[in-house]
Amino acid sequence: MTRRSVNPPPTGMLYDRLHFSQATRAGDMIWVSGQVGVDASTMTPADGMDAQARLAFEGVRAVLEAGGAGLKDIVELTTFHTDLRGDMDAFSRVKDEYGNHAGGS
């Protein structure tokens with residue numbers, strides 16, 4: 001089975017500098033590395049869970065599209081929160097919005 005790294009254009013520099021790939025595609029499967037709510041231009045966290053979740057889902061979308069897939073193809077999603085109770089309502093709203101937009105859940 002052929003494996004290849006997936007690094008959309010703005011993330012190629014991370015791979016070149018740190019040897020950290022945004023995703024790995026093996027056959028028909030894509031494993032996406034952690035995507036965070038950090039603004040790529042300033043390298044600072046977005047303000048609030050809503051904005052951070054949107055940045056993270058946009059990162060996931062970009063990586064999947066570069067690998068030939070989309071949000072509707074997600075089988076499993078693992079998230080990490082520093083304030084789960086405080087974050088969950090906002091995160092769930094954004095997750096549902098991206099899931100519904102992609103046709104998935």
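Use the structure listed above.
Everything quoted here is computed from the prediction, not taken from an experiment.

The rules behind these values
- As a convention, each chain's residues are numbered from 1 in the sequence order in which they are written.
- Given that this is a predicted model, residues contribute local features only at a pLDDT of at least 70 and side-chain atom pairs are listed and counted only at 80 or more, while totals for whole chains, interfaces and linings are drawn from all residues.
- The side-chain quantities take in all heavy atoms of the structure and omit both hydrogens and water.
- Under the scheme applied here, a residue whose accessible area is under 20% of the maximum for its type counts as buried, over 50% as exposed, and between as partly exposed, the area being computed with a 1.4 Å probe on protein chains only.
- A 1.4 Å probe that fits but cannot get out identifies a cavity on a 1 Å grid over protein atoms alone, an open set with protein on both sides within 12 Å along at least five of seven lines counts as a pocket, and a residue lines either if it has an atom within 4 Å of a point.
- Grid points are joined across faces, edges and corners, and a volume is the space filled by probe spheres set on the points.
- In DSSP terms, a helix is any run of H or I states spanning at least four residues, a strand is any run of E spanning at least two, and both are numbered starting from the N terminus.
- Three classes are used, and their members are as follows: Ala, Val, Leu, Ile, Met, Phe, Trp, Tyr, Cys and Pro are nonpolar, Asp, Glu, Lys and Arg are charged, and the others, Gly among them, are polar.
- At least two bridges found by DSSP between two strands is the condition for calling them paired.
- Each axis is a line fitted through C-alpha atoms, and for a helix only the stretch in contact is used; angles between axes span 0 to 180 degrees, taken between their N-to-C directions.
- Note on ring pairs: Phe, Tyr and Trp rings are taken, using the six-membered ring of Trp, and paired if centres are within 6.5 Å. Classes follow the plane angle, with under 30 degrees stacked, over 60 edge-to-face and the rest tilted.

Positioned with a positive phi, His19 is a non-glycine residue whose angle comes to about 60°. Classification of His19 as exposed rests on a relative accessible area of 61%.

Here we take up the layout of surface pockets. Put simply, the largest pocket is a space of about 940 Å³. Lining of the largest pocket is provided by 34 residues; of these, Val32, Ser33, Val60, Leu77 and Thr78 occupy positions nearest its centre. The set of elements that each furnish at least two residues to the lining of the largest pocket consists of β3 (29-32), α2 (49-66) and α3 (84-102). With seven residues, the top contributor of residues to the lining of the largest pocket is α2. Considering only residue class, the lining of the largest pocket consists of 19 nonpolar, ten polar and five charged. Lining the second largest pocket are 21 residues; nearest its centre among them are Thr11, Leu14, Gln35, Val38 and Ala40.

Within a sheet, neighbouring strands are paired by backbone hydrogen bonds and run either parallel or antiparallel to one another. Ordered by their spatial adjacency, three strands build an open sheet running β1-β2-β3, and the pairing between neighbours is antiparallel. Unpaired on one side and paired on the other, β1 (3-6) and β3 mark the two borders of the sheet. Strand-to-strand twist of the sheet, defined as the mean angle between neighbouring strand axes without regard to direction, takes the value 20°. Where strand β2 (residues 23-26) and β3 come together, four bridges link them in antiparallel fashion. Paired with Arg25 across the two strands is Ile30, which belongs to β3.

Glancing now at the packing of aromatic side chains. To describe a pair of aromatic rings, you give the distance between the ring centres and the angle between the ring planes. Overall, the coordinates contain two aromatic pairs when judged by the stated rule. Between Phe57 and Tyr98, the aromatic rings sit 5.3 Å apart at their centres with planes inclined by 15°, giving stacked as the arrangement. Linking Phe57 in helix α2 with Tyr98 in helix α3, this pair joins segments that are 41 residues apart in sequence. On the accessibility criterion, Phe57 (7% relative accessible area) is buried. Note on Tyr98: relative accessible area 7%, which makes it buried. Three or more aromatic residues joined by ring pairs make a cluster, and in this case those are Phe57, Phe91 and Tyr98.

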